[in-house]
Amino acid sequence: MRYISTRGKIDPIGFKEAVMMGLALDGGLLLPDPIPSVDSFTLRRWKDLSYPGLALEVMRLFINDISDSVFKTLIQDAYSSFDTPEVTPIVRSGDYYILELFHGPTLAFKDIALQLLGELFSYLLKEKHSKMNILGATSGDTGSAAIYGVKGKENINIFILYPEGRVSEVQALQMTTVPEENVFNIAVQGTFDDCQAIVKAIFNQLEFKRQYHLGSVNSINWARVLAQIVYYVYAVLRLKGDAGDGPINFSVPTGNFGDIFAGYIAGKLIQGNIGRLILATNENDILTQFVLQGRYARSQVIPTISPSMDIQVASNFERYLYYLYNQDPERVREAMSSFAEEGEIQFSQEEQAQARRDFASVSIDQAITISTIREIYRETGYVLDPHSAVGVAAAEMLRHDLPEGPIVCLATAHPAKFPEAVSRAIGREPERPERLRGIEDRPSRYKVLPADIDAIKGYIVRHAI
Ligand SMILES: *Cc1c(COP(=O)(O)O)cnc(C)c1O
């Protein structure tokens, strides 16, 4: 297996280098070439594997330079912190199957990828006798998932910037109550955009970046997509037989396009077993506009009750473009530069038709999100979080346009992370899982700093590993 860039200007590299590189050096995104596929015999052989067992079988097809025995240990370590051995259990709720992706340490689906990425970084740094200072900005979920992925790991320190007073209380506590000494939370006196701009500016200072071994855990790292492919295959295997033998449809609450892109690759890996992917968006609907109108155009971010999907420019979209353009890196380069200049990409009739074969899509507003949480609760007793509710509402609207077969809705966060929205819908706060109980009483650690690059850099210099 080799990895290439969507922009075609780097020599192919191996898996380990792809993980350490993150963004390709030519500014593109890394992709496996070719995408592997498995036959129905193999799929049958996988049927009874545990989640970690299946994770090894699926991911080893994309990895050429880490031994199975090492990788098996990394997987086991990554998922031992989940509260169920199934890792991503499926529950039936009315007409739908809910694939629960929130059983990790921070109760959101990003744990599935970031727990593994933490193990991978730790292993690769040890192997190279190297170290890394991870720097990131968060508006909520990613920060805590990244922290839990690397807390207590040797050779890694992590610095997370978040806007002081502008993330939810639970989200802030999930970051600041982690006691491990390699974790540095920075409450920035500014907005999330300030945090992001500072991080970007620091990464652009190449000499500083090199000197302090700065690394990133953002959603374009190939290992994050790879880890997410597994649960699509897992759901197909769990439902095959019970729910008929036809293809299975998935509804995916989408922001940066990482989760649904993993579903797209899973569809190629286990051909014929995944039907349609529903690309569900909130009011930030640039991707829905792409599927329905054939136009991908930047606009202002609208804050919603599903904040982890409040994204306009989807960082993984370029990966899909590469396939939509028949693997022609020159066309990807043209499209991305036209997007950078004009804020927009237009697609031909043929490309639009292909996009609509790959995805169904709808944008769900906050009123429908709330009423979906309420209705599903009334009908089945199941409590959805507002992100997962966007996916269920989209499935409800589009079910008649899908190929026949079960619909799996991805539940991307535990409802207890969003008590306000949930209580607006069902009149009470969701029950807190064990992990959150008493979180307000734990010691909390963070440093308040002004939204100033030099102040942040100074802090990193003092605390870097
Ligand atoms: C990140 C996130 C999403 C969106 O996933 P993408 O891979 O960015 O499309 C949806 N729901 C929750 C709860 C998230 O944290």
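Up top is the structure.
All values derive from a computational prediction rather than experimental measurement. (Residues numbered from 1 in each chain as written. Predicted model: local features only at pLDDT ≥ 70, side-chain atom pairs only at ≥ 80, totals over all residues. Heavy atoms only, no water.)

Peer 1: So what exactly am I meant to see when it comes to the side chain of Asp 385 here?
Peer 2: Here Asp 385 shows up in the loop between α16 (366-380) and α17 (386-398). It turns out Asp 385 is buried and unbridged, and the closest side chain with the opposite charge, Lys 417, is 8.7 Å from it. Within the local environment of Asp 385, its side chain forms a polar contact with the side chain of Ser 388, the two groups lying 2.5 Å apart. Among all residues touching Asp 385, those that are not within four sequence positions of it are Ile 373, Thr 412, Ala 413, His 414, Pro 415 and Phe 418. (Helix = DSSP H or I, 4+ residues; strand = E, 2+ residues; numbered from the N terminus. Buried < 20%, exposed > 50% of the residue type's maximum accessible area, 1.4 Å probe, protein only. Lys, Arg positive; Asp, Glu negative; His and termini not counted. Salt bridge = Lys/Arg side-chain N within 4 Å of Asp/Glu carboxyl O. Polar contact = N/O pair within 3.5 Å; in protein donor to acceptor, adjacent residues only side chain to side chain. Contact = heavy atoms within 4.5 Å.)

Peer 1: When you look at the sheet that holds strand β15 (residues 447-450) in this model, what are you seeing that I'm missing?
Peer 2: Strand pairs in the sheet, formed through backbone hydrogen bonds, run parallel or antiparallel to each other. The strand order across the open sheet built from five strands is β8-β5-β6-β7-β15, with neighbouring strands paired in parallel fashion. On the outer flanks of this sheet lie β8 (214-215) and β15, each paired with one strand and no other. Bridging between strand β5 (residues 132-137) and strand β6 (residues 156-163) involves six bridges; their strand directions are parallel. Bridge assignment links Ala 137 to a residue of β6, and that residue is Leu 161. Packed on one face of the sheet, helix α8 (residues 192-204) meets β5, β6, β7 (183-189) and β8 and runs near 145° to β5. (Pairing = 2+ DSSP bridges. Axes fitted to C-alpha atoms, helices over the stretch in contact; angles between N-to-C directions.)

Peer 1: I'm lost on α8 in this one. Help?
Peer 2: Residues separated by three or four positions in an α-helix point in the same direction, a consequence of the helix having 3.6 residues per turn. Relative to the 18 Å expected for 13 residues at 1.5 Å per residue, α8 spans 18 Å between its end C-alpha atoms, a close match to the ideal helical length. Residues Cys 195, Ile 198, Val 199, Ile 202 and Phe 203 constitute the buried set of α8. Taken end-on, α8 shows its buried residues confined to a sector of 130°, consistent with a single buried face. For α8, the exposed residues lying more than 90 degrees away from the buried face are Asp 193, Lys 200 and Asn 204. Looking at the buried residues of α8, the elements they touch are β5, β6, β7, α9 (206-211), β8 and α19 (453-463). Capping of α8 at its N-terminal end is provided by Thr 191; its side-chain oxygen lies 3.3 Å from the backbone amide nitrogen of Asp 193. (Expected span 1.5 Å × (residues − 1). Arc of directions from axis to C-beta.)

Peer 1: I keep staring at the pattern of salt bridges and nothing clicks. Help me out?
Peer 2: Here the idea is simple: oppositely charged side chains can pair when their charged atoms come close. By the definition in use, this model includes 14 salt bridges. A salt bridge links Arg 60 to Glu 57, with the shortest nitrogen-to-oxygen separation between them at 3.8 Å. Of this pair, Arg 60 and Glu 57 both sit in helix α3 (residues 51-60), three residues apart, which is roughly one turn of that helix. Judged by relative accessible area, Arg 60 falls into the partly exposed class, the value being 35%. Residue Glu 119 pairs with Lys 153 through a salt bridge whose shortest N-O separation is 3.0 Å. With Glu 119 in helix α5 (residues 110-127) and Lys 153 in the loop between α6 (141-150) and β6, this pair connects stretches of sequence that are 34 residues apart. Judged on exposure class, the residue Glu 119 and its partner Lys 153 are both buried. Shared partners join several salt bridges into a network, and the residues in it are Glu 57, Arg 60 and Asp 68.

Peer 1: Looking at this structure, how should I read the site of the ligand?
Peer 2: Taken together, 15 residues are adjacent to the ligand, and Lys 110, Gly 255, Asn 256, Asp 259 and Thr 412 come closest. The contact in question runs from an oxygen atom of the ligand to an N or O atom on the side chain of Asp 141, over 2.9 Å. The backbone of Asn 256 places a nitrogen or oxygen atom 2.7 Å from an oxygen atom of the ligand. Across the complex, the protein chains shield 97% of the 390 Å² of accessible surface that the ligand would expose by itself. Taken together, the residues that form the shell around the ligand break down as five nonpolar, seven polar and three charged. (Near = heavy atom within 4 Å. Areas by Shrake-Rupley, 256 points an atom, 1.4 Å probe, with all protein chains shown as cover. Nonpolar A, V, L, I, M, F, W, Y, C, P; charged D, E, K, R; others polar.)

Peer 1: Looking at this model, I keep getting lost on unusual backbone geometry. Mind explaining?
Peer 2: Excluding glycine, a negative phi dihedral is what most residues carry, and trans is how most peptide bonds are arranged. The amide bond that connects Asp 33 to the next residue, Pro 34, takes the cis arrangement and shows omega of -5°. Position of Pro 34 among the secondary structure elements: in the loop between β2 (30-33) and α2 (40-46). A positive phi angle is found at His 129, which is not glycine, with a value near 50°. Position of His 129 relative to the elements: it lies in the loop between α5 and β5. Phi is positive for Phe 257, which is not a glycine, with a value near 75°. By secondary structure assignment, the location of Phe 257 is in the loop between β9 (248-253) and α11 (258-269). Look at Phe 257 and you get buried, because its relative accessible area is 1%.

Peer 1: Sorry, what's going on with the packing of aromatic side chains here?
Peer 2: One pair of aromatic rings is described through two measures. These are the centre distance and the angle between the planes. Scanning all chains against the criterion turns up 30 aromatic pairs. Measuring from centroid to centroid gives 6.2 Å for Tyr 3 and Phe 15, while their planes differ by 55°, and the two rings are tilted. Remark: Phe 15 occurs in helix α1 (residues 15-21) and Tyr 3 occurs in strand β1 (residues 2-5); sequence separation between them is 12 residues. A relative accessible area of 0% means that Phe 15 is categorised as buried. (Phe/Tyr/Trp six-rings, centres within 6.5 Å; stacked < 30°, edge-to-face > 60°.)

Peer 1: Please clarify how empty space enclosed by the protein should be interpreted in this entry.
Peer 2: Which parts of space are left empty comes out when a probe the size of a water molecule is rolled across the atoms. The full count for this structure, using the stated rule, is one cavity of 30 Å³ or more. One number sums up the size of the largest cavity: a volume of about 30 Å³. For the largest cavity, the full set of lining residues is Thr 254, Gly 255, Thr 281, Asn 284, Ile 286, Leu 287, Met 309 and Ile 311. A breakdown of the residues in the lining of the largest cavity according to their chemical character gives four nonpolar, four polar and no charged. (1 Å grid on protein atoms, 1.4 Å probe; cavity = no way out; pocket = protein on both sides within 12 Å on 5 of 7 lines; lining within 4 Å. Points joined across faces, edges and corners; volume = space filled by probe spheres on them.)

Peer 1: What exactly am I supposed to notice about the nonpolar core here?
Peer 2: As a rule of thumb, soluble globular proteins bury nonpolar side chains together. Counting residues in each nonpolar core, the largest one holds 114 residues, and the members touching the most others are Ile 229 and Phe 250. In this view, Phe 250 contacts Tyr 232, Ala 235, Val 236, Ile 274, Arg 276, Leu 277, Ile 278, Val 408 and Leu 410; residues no more than four positions away in its chain are not counted. Residues Phe 102, Ile 376, Ala 389 and Val 390 belong to the second largest nonpolar core, which totals 31 residues. (Core = buried A, V, L, I, M, F, W, Y, C linked by side-chain atoms within 4.5 Å.)

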